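# A look at the structure
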Amino acid sequence: MKMITFFIVGLMVHIVFFLSIFDIYFTSPLVHGMTPQRVSLPPPAKRLVLIVADGLRAESLFKPDDNGTVRGPYIRSVIEETGTWGVSHTRVPTESRPGHVALIAGFYEDVSAVAKGWKENPVEFDSVFNESRHTWCWGSPDILPMFAKGASGDHVYTHTYPPDREDFASTDASKLDTWVFDEVKAFLSAAKNNETLLNQLHEDQNVFFLHLLGIDTNGHAHRPMSKEYLENIVLVDAGVSEIVTLMDDFFGHDGKTAYVFTSDHGMTNWGSHGAGHPSETLTPLVAWGAGVQRAQRTAFQKYDDSYLKEWGLENYRRVDVNQADIAPLMSSLLGLPFPLNSVGVLPLNYLNNSQHFKAESMFTNAVQILEQFKVKMTQKEETTLSFLFTPYQPLTDSKLMDFVHHARDLIQKGQFDEAIHYCEGLIAQAMDGLSYYHTYDRLFLGCSVVLGFIGWTSYVVLFILKTHASIRKLPTNTNLIAERRLVLKFLCLGLFVALFLVIQSSPWTYYIYCLLPVPVWYAVVKEFETFAGLIRSIPSLPVSKCIGYFLLVMFGIELLVVSFFYRGMLTLGLIVLALWPVASGLYLKAKFRSLSWMFSCLCLAPFPLLPVVGREPSITYVICAGVLTLLTSSTYLWSSWKRSLPIRDRLLFVCQIMQVILCAYVLTSTHSSLRLKQGLPLFNQLVSWITLVSSFFVPLLNSTRLFHRLLSILLSLVCVYLLLSTGYEALFPPVLSWLMFAWINIEQEAMNTHRGSNRAELSSIDFAESIDITKIRQLRLDDIRRSYFFVFFIVIAFFGCGNIASINSFDPASVYCFLTVFNPFIMGGLLMWKVLIPFILVMCTFESIQVSTRLSSRSLFLVVLVISDLMALHFFFLVKDYGSWLDIGTSISHYVIVMSMTIFLMLLSIMTHILTSKQIFIGRKRKMHLR
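Residues numbered from 1 in each chain as written. Predicted model: local features only at pLDDT ≥ 70, side-chain atom pairs only at ≥ 80, totals over all residues. Heavy atoms only, no water.

Our next topic: helix H32 (residues 782-799). With 18 residues, H32 extends 26 Å from end C-alpha to end C-alpha; this agrees with the ideal 26 Å at 1.5 Å per step. Among the 18 residues that make up H32, 16 are buried, leaving the element largely enclosed by the rest of the structure. (Helix = DSSP H or I, 4+ residues; strand = E, 2+ residues; numbered from the N terminus. Expected span 1.5 Å × (residues − 1). Buried < 20%, exposed > 50% of the residue type's maximum accessible area, 1.4 Å probe, protein only.)

Pasting the structure below:
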C-alpha cells in the first residue's frame, strides 16, 4: 500500500472509530407512537405559572447571609407558610438547554444535542407547553423558541428581548429580569381591554413561563458571591411577589393558580457551569398555590447532609426531586397529558389532594412510562432475529398486562396506598426496562469496534515493520494463490455479516461498524509473512533493549491514561522526563543542554497541580506572562542580531514585540473598563480581532530559518493567548516554549551522539531546504521515545492548565476582549482556539525535530499513531454501562479527545506527504534538467 493511500484509509477508519462512540452511547432516548395519558379526575388548578431563575444555586437562595438575613424573603415565607420546598437534582451537562428540556419535557436529552444549538431542536419532543391549551412565555431568545418550534399547532406564544441585551459587560444584567416582569405586567394590563385574549386567559390548562436570565448573566460576569449576583436574587424575589399578587388580582383570587419556582442549573464559585459539582447540580424548587401541599413542620428529616441546618430550614419538610420529576408535577396540577417521553416520577408529597387523585395520578404516570417501554420493546423485537432476541424478563407481554390490571384493581377497590406503592415499583421496573432496550446493542457494537480497533493497530505495527525493518518477502505464485483464497474467504465473511444485518433491519451505521473489521483483518492476515519474518529475525535483535523499550512505553501509556483522570500524574511524568538525560548518558556529553532540559521540565511540572483555569482570575499573571515573553524573545533577538539577521526579519520581530505590549495593555484596559461597568472599548475590541486574524499569516512573512520561524509563531500565538487569558494559564505557553526549545536542542545532541558525527548547527537549518532523499533515515528504537515524548507533550498542552479537565473550566471572562454579548458559537470557537494554541506549539516543535534529525515525518507519525490508538482503545474499554453518568461521560469525553487528536495528526500527515512529495518531485525534475 502506498503511503498516501495508507494515510487516507487510516483517516477514514479513525473517523468511523470516532463516530462510533456517539452511536453506542449518545443515541437519543426518544421514541414515538405512544398514546397520551392523563388523569381522569378533575385537576386542582386551571393555570400554572412556571418561573425559572437561570443559574440560581440552591445555596444562594436558601442560605441566609452572615447577618442572618434571607435574600428571598417572599420565597422564604412561601416555604414557611403556604408551599412545599426541596432541592431539584440536575444531571450533567448542567447547561441551559438540557436543563429546560428536563424541566418542561421530563426527559434527559441526548448529551450530544448540547452541541447542536440552543435555538433548534435536533429531534421533536413533547412537552408540558405542547400539551397545554395556551402557553405564554417571556425571556431569553436562546431558550423560548425551541419550545415554540417543537409545539404542535399555534398555541405557544413567545416574547423575547433582543439578543444583544445578553451582555456580560452590562452595567446591570438584572435588567433582563426586570424586562420580563414589566412585560408580564403590560401583558395582563392589555388583556383587560382585549376580549379575545381575556377569554383565552380565563380558560383552563394555561401555562405562563417566566425565564429569568439576569442571575446567570451576573454570575458569569461577576461570580456568584458578588454583590451583583446576590442583589439580583433579591430583585427576582420581589418580582415574583409582585407577579403573584398581580395574577391573583387579575383572576379574582379564584384559588386556581399554581406556582412553581425553580432553576435549570446552578453555578460554581468561579462563575461557570456544565459539570457535576454540587453547586451546579443542586437547584431550588418551591411550589405553592392550587393543588400544592402547604408547608409542614417536622422534627425529623431523612436527609443526612448539612444543608438543612446551614439554611435554617431543618423544621420545614423538605421534598427533593430529580429535575425531570417537575414536568409530571405540572401536568398533574393542570390535568394535562403527561409529556410522551417523560421519565419523571410524580412527587406525590407536593400534591394537596385526595389519595384517590394521587393513586390515579401515579397510575397514569406508570402507564405513560410503560407506553415508552412497549414501543422500545416492539422496535427491538422487530429488528432482532427471534432466536436471538432476549426480552426483559421482569416485564414480558403477559406480565405487563397482569401488572396494569392489578394496579387498576387496587384503585377500584379503594386500596389507594397499596396502589401508589405498587405503581412506584412498576415505574422502577419500567425505567430499568427502558434502559435495557436502549442499551441492547451496545455489547454487539462495542465488540465490532474493538475488533476493528485491534486489527487496525496490528496492521499499523506490521506496516512499520514491513517498511522499516527490511523483512519483506518477494511474492511467489504460491503466495498469489493463497492470497486469492484469502480474499474469497473474507469476501464470504463480509457477505454473511451484511446478510445478517439485512435480516435484522439494522440501521445503515451498523453496516459500517460491523463490516469495517473484515477488510482490516484481511490486511493483517495478508501481512502474515511480515510477522513470520519478525519471528525469524528475533535472534539477531537486541531483545533486552526491545523489551525494555516496550515496557517503558506501556508504562508511559498507562501514565498518560491515568493523567486524564488525575492531572497530577503529568507532574510525575515531567519529573521522570527530567531525569532522561541522566539515565541515557547524555548528561555527561552535553551538560548545558541537559541542564536546560531538566530545568524546563521542572518549571512546567507545577502547572498540572494548580486549580483549573477560571477559579482564581488575576490579570497580574497575564502581565507577567507578557513580560516573560518579551524577555525571552528580546534575549534571542539580541543574540541573533550579530548573525546577519535580515532587516525585514528585524522589523517584523520588533513589530511583534510591540504587539505583545499592546495586547497586554488591551487586556488590562478591558478588564478595568468592565470592572468599572463601562463596557468593552471599541478600540480594544478592534485590536483583539485584528490580532487574532493576523496571527494566522504574520509568521509566514518571516524567515524560514528554524528558530526565526518558531519565534515568530510563538509571538503571534502568545498575543492571542494573552487576550484570552484571565490568570496563571497565560504563563503556560512561554514556559512550554522553553521546554520545546530545550527538546529541539537535546534531540539534536542525541542524534549527533548516536551518529558519532560533528555537531550540526541548528540555527542553519531551513524549513524551505530541498529534501535530499538520500539523507532521510529509517526508524530506530530511539524514535519510539521521540514519538512518546510528542504524545506526552500533546497531553500536557491539553491538560496542563485544566483547559478541558472539565466542562466548567471554560471561563466566559476569557473572551471579554473580543465580545461580551452572549454568543455561544463565537465564544466556544475562541475558547477552543485558546486550547489549541499550546497544541500548535508542540506540533511545530515536533516538525522541527523531524527536520533536524533527518527523519521522514510520515514514518514518525506511524509510531505516534500506534501510541495514540492504544490510548484510545484503553479509554474505550474504560467506558462501562454502569456507574454514574458523570463517570461514563468522562471516559467517553477522554476517548473523543484522543480520537480527535489522532484524526488531526492523520490530516497533518496527509498534508505533509503531499507537500514533501511535491518538493521531492521538483528536486528530481531539477536534477534531470541539470543532467
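Another point: empty space enclosed by the protein. With the rule as written, the count across this model stands at three cavities of 30 Å³ or more. Every residue lining the second largest cavity is listed: Leu-61, Phe-62, Val-70, Gly-72, Ile-75, Arg-76 and Ile-79. Put simply, the parts of the chain that give the lining of the second largest cavity at least two residues each are helix H2 (58-62) and helix H3 (73-82). In terms of residue count, H3 provides more of the lining of the second largest cavity than any other element does, three residues in total. (1 Å grid on protein atoms, 1.4 Å probe; cavity = no way out; pocket = protein on both sides within 12 Å on 5 of 7 lines; lining within 4 Å. Points joined across faces, edges and corners; volume = space filled by probe spheres on them.)

Bringing the sheet that holds strand E8 (residues 321-322) into the picture now. Overall, mixed pairing links the eight strands, which are arranged E4-E3-E5-E1-E6-E7-E2-E8 in an open sheet. Pairing within the sheet leaves two strands with one partner each, and these edge strands are strand E4 (156-160) and E8. Note: strand E1 (residues 47-53) against strand E6 (residues 257-262), six bridges, orientation parallel. From the neighbouring strand, Val-52 faces E6, where its bridge partner is Thr-262. (Pairing = 2+ DSSP bridges.)

To continue, consider the nonpolar core. Trp-597, Trp-743, Phe-790, Phe-792 and Phe-793 are the most contacted members of the largest nonpolar core, which has 152 residues in total. Take this core: its biggest share by element is 14 residues, from helix H30 (residues 706-723). Excluding residues that lie within four positions of it along the chain, Trp-597 makes contacts with Leu-577, Ala-578, Trp-580, Pro-581, Leu-739, Ala-742, Trp-743, Ile-746, Phe-789 and Phe-793. Core analysis: the next-biggest nonpolar cluster, separate from the first, contains 72 residues, Val-39, Val-207, Ala-324 and Phe-357 among them. (Core = buried A, V, L, I, M, F, W, Y, C linked by side-chain atoms within 4.5 Å. Contact = heavy atoms within 4.5 Å.)

Position of Gln-293 among the secondary structure elements: in the loop between strand E7 (282-289) and helix H12 (307-311). There is a polar contact of 3.4 Å between the side chain of Gln-293 and the side chain of Gln-296. (Polar contact = N/O pair within 3.5 Å; in protein donor to acceptor, adjacent residues only side chain to side chain.)

Take the packing of helix H29 (residues 682-694) against H30 next. The relative placement of two packed helices comes down to the angle between their axes together with the axis-to-axis distance. The N-to-C vectors of H29 and H30 enclose an angle of 145°; their axes lie 9 Å apart at closest approach. The two elements H29 and H30 meet at a crossing, and its hand is left-handed. Here Ser-688, Thr-691 and Leu-692 of H29 lie close against H30, whose contacting residues are Cys-719, Val-720 and Leu-723. Across the contact of H29 with H30, the residue classes break down as four nonpolar, two polar and no charged. (Axes fitted to C-alpha atoms, helices over the stretch in contact; angles between N-to-C directions. Left-handed = near helix turned anticlockwise from the far one by under 90°. Nonpolar A, V, L, I, M, F, W, Y, C, P; charged D, E, K, R; others polar.)

Turning to the environment of Gly-828, a few remarks are in order. The residue Gly-828 is located in helix H33 (residues 824-852) in this model. Between the C-alpha atom of Gly-828 and that of Pro-812, which follows or precedes it by 16 residues, the distance is 9.0 Å.

Now for the packing of aromatic side chains. Scanning the model with the defined rule gives 50 aromatic pairs in all. Ring plane angle 75° and centroid distance 5.7 Å describe the contact between Trp-580 and Trp-597, whose orientation is recorded as edge-to-face. Within this pair, whereas Trp-580 is found in helix H24 (residues 580-584), its partner Trp-597 is found in helix H26 (residues 591-604), the two being separated by 17 residues in sequence. The same class applies to Trp-580 as to Trp-597, namely buried. Each member of the aromatic cluster is reached from another via a ring pair, and the members are Trp-580, Trp-597, Trp-743, Tyr-788, Phe-789, Phe-790, Phe-792, Phe-793 and Phe-846. Between Arg-318 and the ring centre of Tyr-303, over which it is positioned, the NZ or CZ distance is 4.1 Å. The aromatic ring of Tyr-721 is capped on one face by Lys-834, whose charged end is 6.0 Å from the ring centroid. (Phe/Tyr/Trp six-rings, centres within 6.5 Å; stacked < 30°, edge-to-face > 60°. Lys NZ or Arg CZ within 6 Å of the ring centre and 35° of its normal.)

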